[in-house]
Amino acid sequence: MDKQGLSSTEAAALRQQFGPNQLPAPTPPRWWQQLLQQFRNPLIFILSIAALLSAVLGYWVDSAIIVVVILVNTLLGFLQENRAEHAIAALQAFMVEQSLVLRDGHWQKLPSTQLVPGDWVRIENGERIPADLELLEAHHLQVDESLLTGESLPVEKGISADGKASRLHAGTLVTRGSGIGKVRTIGMATAMGRIQQLMDQTETRQSPLLLRITHLSRLLSAAVLLLAAIAAAVAWSRGDHLEFAILAAISLAVAIIPEGLPAVISITLALGVQRMARQGAIIRQLPAVETLGAVTVICTDKTGTLTENRMAVQEVRLAEDTPEGRRRALEVMLLCNDAEILADGRGSGDPLEQALIRHVRKREAGLLQTAKQFPRLDTRPFDHERPYMATLHADRIAIKGAPEYVLQHCLDRQSQEFALWEEIISEMANLGLRTIALAEAGPADWPTLDAGIWRWLGVAALLDPPRPAVPAAIAACRTAGIRVIMVTGDHPRTAATIARQVGLIAENAIQVVDHAQWLSASPAERLHFAQEVNVFARVQPADKLELVQALQSSGEVVAMTGDGVNDAPALRRAQIGVAMGLSGSAVAREAAAMILADDDFSHIASAVAEGRHVYHNIQQTVLFMLPTSFAQGLIIFIAVIGGIPLPITPLQILWVNTATAVTLALVFAFMGAKQTYMQQPPRPLKEPLITKLLWLRIGIMTTMLVATVFVAFTQDNAASGTQHAHTLAVNILMAMEGGVLLAMYGRWRRDRGDWILLGSLGSMILLQVLFSQWPLLQTIFHSTAMSMKDLGTIFLTTLLAWVVTRLSMLIRKH
């Protein structure tokens, strides 16, 4: 069998001929379809009816202004949707699948899109098949083909007795074993590609937050229709003309609808996702953004997440400390190994296996040809149920695996030698070293290997130090009311040592629960472990799922990390599944809501902080926009019911809404994070977006705005006339919104949000100057110039708004 594979030159020529190994992206909706989609918002629909009725009644200017407002807000939503799509497309670059390919005689990781017919690809447990392959080698290989066939059980794959090879299809999943396949077809020529031709649609899901906003919009729409009907009925019953009654209803609809709210919230979510991506946390499912702020427990792996995953062999203890014993142990390190180190020092494969090869290169470089002298005949991959790997060669079986498992296959548990090695392994683990046992057996034992007696060669100890940023990140989580639990497959003492180094358990604490203890525990004991123990060792995938279930049953909101195919159930069950971007399997990444680009735990803590930040900004946006809308609606409703002049005309209300949406409301989308986000307990997961406390604040601010506008209008109407009073009322309402904004924004954060705030306030002031001074706008909106006395009144009402808002923010939940 040719072990060179294709050369880079041959692959480049084939890529020119066949193109990239990828399926075409679904056809996106056309721009005009996206634009029309914006009109499905019920609030926009009501405004459209208002514009139509205004035109029917002959109020062409009013109708035109309403149409302009609709177009401005739909355009804002349209642009945001495009921006979000481009952001998602950019994030896909972080998640390009990699394949282990034989090129130029070396196994190397390449993007799966670069595969060409004729390439040799190595496939492992947990990986998706990257192209249609013809199987060349198989080692206990099973593939889940349910994606293509609907068959729920994995299918055995191998080479038949007559030499006929199985076919592996792109998109199917390796559930057990390993193998090597030769690429036959790629892209649209694969079986998956032919299915893709039959379906060119994608389904998008709204997050619960956006669903709640949609629900709020519908409630507001119902309230608008009800109040408008009441206002029209009262006006009609009082003897007013039908035209006036309809105009009153239109005015109320225009006043109370916060047209720009959905678009501003979408912008806030998109900016949060982009910030998380820059910090190494890639959000795959939008609901994760809001759920992150409610996380109470993070269950994290140790290797590569809490530690650097940069292993090096520190010590090798041999059963026979002789040149022959040392040579046999080093040969097992090479033979029972799927990693590869290239001439330039770059490695591919498992970091532990790379460390073993580097150790052999350092100690006995002449042994590096061993693998060629004793080629592999068969393989038994590592399995959680059978925690060892074995390779068959002409002269031996090379074995490496979990020390306690391998040791019991080599030595009598009652012997002094067994106890001595247990003590040695325990001492290594106490130093935080990761241990791997080395053994061998005769080739004749291969069929009955699990039941046979092996020859013990010794144990290698590897150091994988904690990441420097992890202790601070765990401390930050603890301050934020988030408990961190280590869930690892390593030795209990190794896990405990690393846990002490990163601050997960106290220096003298030794409580660690391993698989055997968890398996034998009653449901009540498991619940106790879940609530009290912070380190779980020798964990199997089923244990992870049961741990998540136990935590959730006690009311916890769980984030769970995972990298293997068997971790997928736990990742799906957790409220936030977190997959590893570097070491994670394809199925783990697909099951997760979030992916860590470099497997670093500190990025989980950063993502939780960002989730709290995004949710806070959205709440602030809602808290800012609703009082203005409610105040305008109440002003119209009270004026119509009371039979008094409208302080603000419908056209002027449209001006206020549009100016607010395109200037002031956007500030909270860009507002920087506060240090206090990670000094507060997690938000209850089922807490409504607008809590009782927020409703109270909305009520206070709405009352303040209504009362101030009515008082200012009434007094100025008597002194200066209706046109001047209307203009003053609009300026006071906008200025008070600016005061509310400043009070809610709080301290300066010295980031982009500060500049957005200044720019928004400056834009608002400029718009109000134009509203009052520019003849064109004076004609459209029936406004007039303001005097110095008027400006003084506007300043005082702004100060009043700031003071009342700050006082309302002092009200805390009891």
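The rules behind the values
Residues numbered from 1 in each chain as written. Predicted model: local features only at pLDDT ≥ 70, side-chain atom pairs only at ≥ 80, totals over all residues. Heavy atoms only, no water. Helix = DSSP H or I, 4+ residues; strand = E, 2+ residues; numbered from the N terminus. pLDDT = per-residue confidence, 0-100. Contact = heavy atoms within 4.5 Å. Buried < 20%, exposed > 50% of the residue type's maximum accessible area, 1.4 Å probe, protein only. Pairing = 2+ DSSP bridges. Axes fitted to C-alpha atoms, helices over the stretch in contact; angles between N-to-C directions. Parallel < 35°, antiparallel > 145°, perpendicular 65-115°, else oblique. Left-handed = near helix turned anticlockwise from the far one by under 90°. Nonpolar A, V, L, I, M, F, W, Y, C, P; charged D, E, K, R; others polar. Expected span 1.5 Å × (residues − 1). Phe/Tyr/Trp six-rings, centres within 6.5 Å; stacked < 30°, edge-to-face > 60°. Salt bridge = Lys/Arg side-chain N within 4 Å of Asp/Glu carboxyl O. Core = buried A, V, L, I, M, F, W, Y, C linked by side-chain atoms within 4.5 Å. Arc of directions from axis to C-beta.

This brings us to unusual backbone geometry. Positioned with a positive phi, D104 is a non-glycine residue whose angle comes to about 55 degrees. Inspection of the secondary structure assignment puts D104 in the loop between strand 1 (98-103) and strand 2 (106-111). Its identity as a non-glycine residue notwithstanding, H782 has a phi of 55 degrees, on the positive side.

Quick look at the confidence of the model for the chain now. Any residue range with low pLDDT should be treated as having predicted coordinates unsuitable for detailed reading. Summary statistics for the chain give a mean pLDDT of 82 and a share of 84% for residues scoring 70 or more. Ranking the elements of the chain by mean pLDDT puts helix 4 (residues 60-92) last, at 60, and strand 15 (residues 397-401) first, at 95. Between residues 90-95, whose pLDDT stays under 50, and residues either more than four places distant or in other chains, the model counts eight contacts. Across residues 198-206, confidence stays below pLDDT 50; counting only partners more than four residues off in sequence or on other chains, it has seven contacts.

Here we come to the pairing of strand 17 (residues 455-463). Judged by how many residues are buried, strand 17 sits mostly within the fold: seven of nine residues are covered. Sheet topology note: the strand 10 (residues 312-318)/strand 17 ladder contains six bridges and is antiparallel. Following the sheet pairing, A312 is matched in strand 17 by L463. Where strand 16 (residues 433-441) meets strand 17, eight bridges bridge the pair, whose relative direction is antiparallel. By the bridge assignment for strand 17, A437 is matched with V459.

Another aspect to go through is the packing of helix 15 (residues 416-430) against helix 17 (residues 492-502). Packed helix pairs are specified by the crossing angle of their axes together with the interaxial distance, meaning the distance between the axes. The interhelical angle for the contact between helix 15 and helix 17, taken along N-to-C directions, is 20 degrees, at an axis separation of 7 Å. Judged by the inter-axis angle, helix 15 sits roughly parallel to helix 17. The crossing of helix 15 and helix 17 is right-handed. Of the residues in helix 17, those touching helix 15 at S426, A429 and N430 are R493, T494 and T497. Its residues assigned to classes, the contact of helix 15 with helix 17 shows one nonpolar, four polar and one charged.

Between its terminal C-alpha atoms helix 11 (residues 323-335) stretches 18 Å, which fits the 18 Å expected from 13 residues at 1.5 Å a residue. Within helix 11, burial applies to G325, R328, A329, L330, E331, V332, M333, L334 and L335.

Now for the environment of D490. Structurally, the position occupied by D490 is in the loop between strand 18 (483-487) and helix 17. On the accessibility criterion, D490 (6% relative accessible area) is buried. With 61 residues separating them along the chain, D490 and A429 place their C-alpha atoms 9.3 Å apart. For D490, the contacting residues outside a window of four places in its chain are K302, T303, R434, A537 and R538.

Here we come to the packing of aromatic side chains. This structure, assessed with the given rule, holds ten aromatic pairs. On the basis of an interplanar angle of 65 degrees and a centroid distance of 5.3 Å, the ring pair of W421 and W456 is categorised as edge-to-face. Of the two residues, W421 is situated in helix 15 and W456 in strand 17; the sequence distance between them amounts to 35 residues. Given a relative accessible area of 5%, W421 falls into the buried group.

Note on pairing: side chains with opposite charge can pair once their charged atoms come close. Counted according to the given criterion, the structure contains 20 salt bridges. A salt bridge links R317 to E315; the nearest nitrogen and oxygen atoms lie 2.4 Å apart. A relative accessible area of 31% places R317 in the partly exposed class. For E315, a relative accessible area of 26% translates into the label partly exposed.

Taking burial as the measure, the five residues of strand 14 (residues 388-392) include five buried ones, the bulk of the element. Alternating residues of strand 14 divide into Y388, A390 and L392 and M389 and T391, and every residue in both groups is buried. Relative to strand 14, strand 13 (residues 378-380) runs antiparallel, the two being bridged by three bridges. Paired with D378 across the two strands is L392, which belongs to strand 14. For strand 14 and strand 15, the ladder comprises five bridges, and the chain directions are antiparallel. Across the sheet, residue T391 finds its bridge partner in strand 15, namely A398.

A few words now on the nonpolar core. Soluble globular proteins tend to bury their nonpolar side chains together. One finds I298 and F601 to be the most contacted residues of the largest nonpolar core, which totals 127 residues. Element by element, the count of residues in this core is highest for helix 23 (residues 602-642), at 19 residues. Leave out the neighbours within four places in its chain, and F601 touches I298, T300, T305, L306, V470, A473, I474, C477 and V484. Residues V533, V548, A568 and A592 belong to the second largest nonpolar core, which totals 28 residues.

Restricting attention to buried positions, one finds in helix 19 (residues 523-532) the residues R526, F529 and A530. Buried residues of helix 19, viewed axially, fall in a sector of 95 degrees; they line one side. The inward-facing, buried residues of helix 19 contact strand 18, strand 19 (513-514), helix 18 (515-520), strand 20 (535-537) and helix 20 (541-553).

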